[in-house]
There are 2 protein chains.
Amino acid sequence: MTQNLIEELFKPALNNPVLSQGHDAAIISVGNCQMAITIDAHVVRPIFFPGGDIGKLAVCGTVNDLAMCGAKPLYLSAAFILEEGFKMADLCRVVESVRITAKQIGVVVVAGDTKVVERGKGDGLYLVTAGLGVIEHGVEPLPKNIQVGDAIVVSGDIGRHGIAVLSEREGLNFETVVESDVDAVWPQVERLLNLGIPLHCMRDLTRGGLASVLNELALASGKKFEIQEDLVPIIEPVKAACEILGLDPLSIACEGRFVAFMPKEFTEMAITALKEFGLNASVIGFVKEGSGGVILQTSSGTRRILEMPLGVELPRIC
Amino acid sequence: MTQNLIEELFKPALNNPVLSQGHDAAIISVGNCQMAITIDAHVVRPIFFPGGDIGKLAVCGTVNDLAMCGAKPLYLSAAFILEEGFKMADLCRVVESVRITAKQIGVVVVAGDTKVVERGKGDGLYLVTAGLGVIEHGVEPLPKNIQVGDAIVVSGDIGRHGIAVLSEREGLNFETVVESDVDAVWPQVERLLNLGIPLHCMRDLTRGGLASVLNELALASGKKFEIQEDLVPIIEPVKAACEILGLDPLSIACEGRFVAFMPKEFTEMAITALKEFGLNASVIGFVKEGSGGVILQTSSGTRRILEMPLGVELPRIC
């Protein structure tokens, strides 16, 4: 529904060449500098979940949007919308989480705003973050640069964030507590850039997960992607939780994973680099001739179209 | 309360030299460019009011924060937090208002995000906007540059925005409908800069109005301000509404007015320029020797301290 809203209402109304890029962040030029800017509203419930909280999520989510454009994140601004009666201790915890996460990534929170709304007019805390990054490597990781023959690399195991938030929210107890994968991916992207790997396109696996991202990119690039289900890294507890809940792990959101398109000959170098970050990165498929669509070679040996997930399987996970 | 929150929680936690400037926007450098960035959450109720709406308010509010740093606004990003059931027609109206306002100012909306929350977890629509501007004139309109002898200029009549929103919200009927002053002040600031007027400091008269801004700047600059009440431009309907409601017009928020500090010899030029924008600009007082504080010479001839407004007189007006 949000996707429709964006397409039908916002894009025509605010039509301009930058917004039309349809990228995670907008690429702009000021003087001689090429930069990326982005904004994200965070309404996750609960605000504290295994492996993270709304503060860490906001910083990472914004930084990741910049990283997906190949931009080094420099500055953040943050707006807090607080519901009257929101616990000060919880606010302190969130602010501390913003501070620590920003510090780890080396990004500086330079501007902020706080608004308080009456009880019943909010939901504790909404946190909106905007980010500014600088593009220094001269790569253009855009859908239009995806080429036939490109390998499709996933940076690590998928689906943890969605399951972590859902479990906490619904009070589900699985054998193993699944921790969110929420993390800043810039250090990983920077490493790949520094290694000189030609990143044709990148996208983080947020809302709608891998299935959604691949479908969007296939459509935007006008290419066909062939993916092998067995090669998609998913940890056992996520698989088990998805089975119990009747969810498809391929459409569960991550907050610290991305997909990257690159020439086949660079995949070994990329996978090795990503594994050094402790990530179970994997080549999951290739770009083929043909028009936009995603084909999944299933574990059972059949081939089927991997559809765009319909509707929002998991609301308010970011 | 918000002021306390910022001072006690956010500043120490996110401590860094840029945030500590305590400016309307943060001044940063990327490459050779000096820029300003800012973020504002808008929770105004009602979202449509005489003279404007949340969309125009968001664009102007953000652009004005940039202008107060002497920055030419270039790019905006916008995040919409929608409550389930919010009327599509109203959303279209707001987006159209964002579009028109941005176009008039010459600023481009390059990035956006939309989140939908359940009924009862929001209040129709919250709109957060972040802005990026470039500083080309090399002026530093900061509190520390306020000098003894500086004239204090108000760009136009004050208090309309607060009264417009309050009247609409409370269903008050005054003889004359007061329209909000919501407007982008960048064209006016740019004019003053192009005229070569040394703007020692600027601040827009938002939350807490003139009284709040003058107190903050007196404190930050360590100077004393002497203001003549008679010289503060206020239209009759605002005066009348304030009298009926028991409010002090000096502490009512505007969304299209600012105060500027400049050497006395430039005031005629500044006032003339501002009047060309149809604004009833006025020199309202001067900076004097002495430590932080604001003295008001009242209409009745007495002198009193103009206090920082206590508490939030009018909640959710921006």
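Here the structure is a predicted model, which is why all the values come from computation and not from measurement.

About the criteria used
- Counting restarts for each chain, with residues numbered from 1 along the sequence as it is written.
- Labels are handed out in written order, letters beginning with A for the chains and numbers beginning with 1 for the ligands.
- Under the rules for a predicted model, residues below a pLDDT of 70 receive no local features and side-chain atom pairs below 80 are neither given nor counted, while totals for whole chains, interfaces and linings still include all residues.
- Based on all heavy atoms of the structure, the side-chain values leave hydrogens and waters out of the count.
- To obtain each axis, a line is fitted to C-alpha atoms, and for helices this fit is confined to the stretch in contact; angles are then taken between N-to-C directions over 0 to 180 degrees.
- Each helix is a run of H or I in the DSSP string that is no shorter than four residues. Each strand is a run of E no shorter than two, and both are numbered from the N terminus.
- Note on convention: near helix rotated counterclockwise from far helix by under a right angle means a left-handed crossing. Clockwise means right-handed.
- In this description, contact between two residues means that some pair of their heavy atoms is separated by no more than 4.5 Å.
- Under the scheme applied, nonpolar residues are Ala, Val, Leu, Ile, Met, Phe, Trp, Tyr, Cys and Pro; charged residues are Asp, Glu, Lys and Arg; polar residues are all the others, including Gly.
- Two parts placed together each lose some accessible area under a 1.4 Å probe, and the buried area is that loss summed for both.
- Only one rule defines a salt bridge in this text: a Lys or Arg side-chain nitrogen within 4 Å of an Asp or Glu carboxyl oxygen.
- Under the rule applied, a polar contact is a pair of N or O atoms within 3.5 Å (in protein, one hydrogen donor and one hydrogen acceptor; residues adjacent in sequence only if both atoms are side-chain atoms).
- Working definition: with a 1.4 Å probe on protein chains only, accessible area under 20% of the residue-type maximum means buried, over 50% means exposed, and in between means partly exposed.

Please explain the packing of helix α2 (residues 54–67) of chain B against helix α3 (residues 88–105) of chain B as it appears in this structure.
Packed helices, taken two at a time, are described by the angle their axes make and the gap between the axes. Residue and element names in this part refer to chain B. Running from N to C, α2 and α3 point in directions that differ by 35°, and their axes come no closer than 7 Å. In the crossing of α2 with α3, the sense of the turn from one axis to the other is right-handed. Every residue of α3 that contacts α2 at I54, G55, K56, V59, C60 and V63 is listed here: V94, S97, V98, T101, A102 and I105. Taken together, the residues that form the contact of α2 with α3 break down as eight nonpolar, three polar and one charged.

Just to check I follow, could you spell out the interface of chain B and chain A for this structure?
Interfaces are often sized by the amount of accessible area the parts lose when they come together. Chain B puts 61 residues into the contact, and the matching count from chain A is 61 residues. Per-residue buried area on chain B facing chain A is highest for I39(B), V110(B) and K115(B); these three make up 12% of the total on that side. Viewed at the interface, chain A and chain B are joined by six salt bridges. Between K121(B) and D123(A) there is a salt bridge whose closest N-O contact spans 3.8 Å. The tally of links between chain B and chain A comes to eleven residue pairs in polar contact (both at pLDDT 80 or more). Going through the elements one at a time, α1 (2–13), β1 (26–30), β2 (33–42), β5 (71–83), α3, β6 (108–117) and β7 (125–135) of chain B are the ones with two or more residues in the side of chain B that touches chain A.

Is there a simple way to think about the pattern of salt bridges in this case?
Pairing of side chains with opposite charge becomes possible as their charged atoms draw close. Scanning all chains against the criterion turns up 30 salt bridges over all chains. In this structure, D157(A) and R160(A) form a salt bridge, with 2.8 Å as the shortest nitrogen-oxygen distance. Take R160(A): its relative accessible area is 21%, and that puts it in the partly exposed class. D157(B) is paired through a salt bridge with R257(B); the nearest N and O atoms lie 3.3 Å apart. In this pair, D157(B) sits in the loop between β8 (151–154) and α4 (160–170) while R257(B) sits in the loop between α7 (236–245) and β11 (258–262), placing the two residues 100 residues apart along the sequence. Neither D157(B) nor R257(B) differs from the other in exposure class; each is buried.

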